[in-house]
Amino acid sequence: MKQANAAQILATAVHTLLCPLVRILLRNGVSFKAFSEMAKQAYVEVAQKDFALPARKQTTSRLSILTGLTRKEVQQILSRPSGTKARGGESYGRAVRVISGWVRDIEFWDKDGNPSPLPIEGARVSFTELVKRYSGDMPVRAMLDELVRVGSAETLKDGRVRLVSRGYVPQRGKADQLQILGADTADLLETLDHNIYHPEQRPRLQRKVMYDNVPAEAAEAFRAMAMKKGQDLLESLDSWLAQHDRDVNPSVDGTGRVRVGLGMYQFEDRPQSDEAKPEKE
């Protein structure tokens, strides 16, 4: 592929992925100037981390050349605290493991095979035991507060804890949902980067199925089917990963430490016949 053609395709791709991001930014009152500052910091952080020369210290001048920013701008950004956080946060990962254990571990099921409401303490089948088994050393009260806060669990009148949602998708609290936006989108883009720029390595799973002339009724049916089949697949993969994760199963042998997983999402686009157009002043 010719360089000019590749640059044009990349520009089109970036415009496509920026549109939904800009929509979210505008909904949250983030101006272009504020976004520009975020982009500058990301440019410097990535250039510094991923584009250093072998056995050479990364300099302000080289970062300026790589990013197109002035040396003064680069220096100002380097003097700021890093904007990069641990993806999803520690509570995110531990909460996911607790919910997954509640869903797939038969010791925490009721007689119908569903996650059972659990007493906080007492018998072995308790919320305390669930947290101890699947979240490591996180305090039980902190985990309960987190699950209740995001709408994944609720405390019943008799004091037991009931699972409300089988996934850690905050039902309340925009900040939590926006944090997941950053974490999950970053994972998708990392996979795309790997598959495009590291052909010598084993490709990562990147697939989708899509039809563009589906009746609204079928779209509703597909949404329900995708939710059911997707949840079933994720629970199966979760069960396998839990057996190989040292936090859940300390007896696992092996070398190194790898963060591995699979993300799934359903998309839906309903074209509008009359798109809103800005009025002329």
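Treat the numbers as computed from the prediction; the structure is a model and nothing was measured. (Residues numbered from 1 in each chain as written. Predicted model: local features only at pLDDT ≥ 70, side-chain atom pairs only at ≥ 80, totals over all residues. Heavy atoms only, no water.)

## Structural notes on the overall build of the protein
So, step 1. Scanning the protein from terminus to terminus reveals nine helices and two strands.
So, step 2. Its helices and strands taken in sequence order, the protein reads α-α-α-α-α-α-α-β-β-α-α from the N to the C terminus.
So, step 3. Considering only contacts in the protein between residues 6 or more positions apart, those separated by 24 or more positions represent 48%.
So, step 4. In the form shown here, the protein has an accessible surface area of approximately 21,100 Å², with 56% of it arising from carbon and sulfur atoms. (Helix = DSSP H or I, 4+ residues; strand = E, 2+ residues; numbered from the N terminus. Contact = heavy atoms within 4.5 Å. Areas by Shrake-Rupley, 256 points an atom, 1.4 Å probe, with all protein chains shown as cover.)

## Structural notes on helix H2 (residues 32-50)
Because each turn of an α-helix spans 3.6 residues, side chains separated by three or four positions in sequence point in the same direction.
So, step 1. Here H2 spans 26 Å end to end across 19 residues, near enough to the 27 Å set by a 1.5 Å rise per residue.
So, step 2. Packed against the buried residues of H2 are helix H3 (60-67) and helix H4 (71-78). (Expected span 1.5 Å × (residues − 1).)

## Structural notes on the packing of aromatic side chains
So, step 1. A complete count under the given rule lists two aromatic pairs for this structure.
So, step 2. Taking the centre distance of 6.3 Å and the plane angle of 45° together, the rings of Tyr265 and Phe267 count as tilted.
So, step 3. When its relative accessible area of 37% is taken as the criterion, Phe267 is described as partly exposed. (Phe/Tyr/Trp six-rings, centres within 6.5 Å; stacked < 30°, edge-to-face > 60°. Buried < 20%, exposed > 50% of the residue type's maximum accessible area, 1.4 Å probe, protein only.)

## Quick notes on the pattern of salt bridges
So, step 1. Using the criterion set out here, one finds 19 salt bridges in the structure.
So, step 2. With a shortest N-O distance of 3.4 Å, Glu37 and Lys40 are connected by a salt bridge. Note that Glu37 and Lys40 are positioned in helix H2 at a spacing of three residues, about one turn of the helix.
So, step 3. Asp158 is paired through a salt bridge with Arg160; the nearest N and O atoms lie 2.8 Å apart.
So, step 4. Given the relative accessible area of 32%, Arg160 is considered partly exposed.
So, step 5. Each of the salt bridges in this network shares a partner with another, and the network as a whole consists of Glu37, Lys40, Glu73 and Arg80. (Salt bridge = Lys/Arg side-chain N within 4 Å of Asp/Glu carboxyl O.)

## Observations regarding unusual backbone geometry
So, step 1. Look at Ala55: it is not a glycine, yet its phi comes out positive at around 60°.
So, step 2. Here Ala55 lies in the loop between H2 and H3.

## Focus on the side chain of Thr191
So, step 1. Mapped onto the elements of the fold, Thr191 is located in helix H8 (residues 174-197).
So, step 2. What makes Thr191 buried here is its relative accessible area of 17%.
So, step 3. Among all residues touching Thr191, those that are not within four sequence positions of it are Arg204, Leu205 and Gln206.

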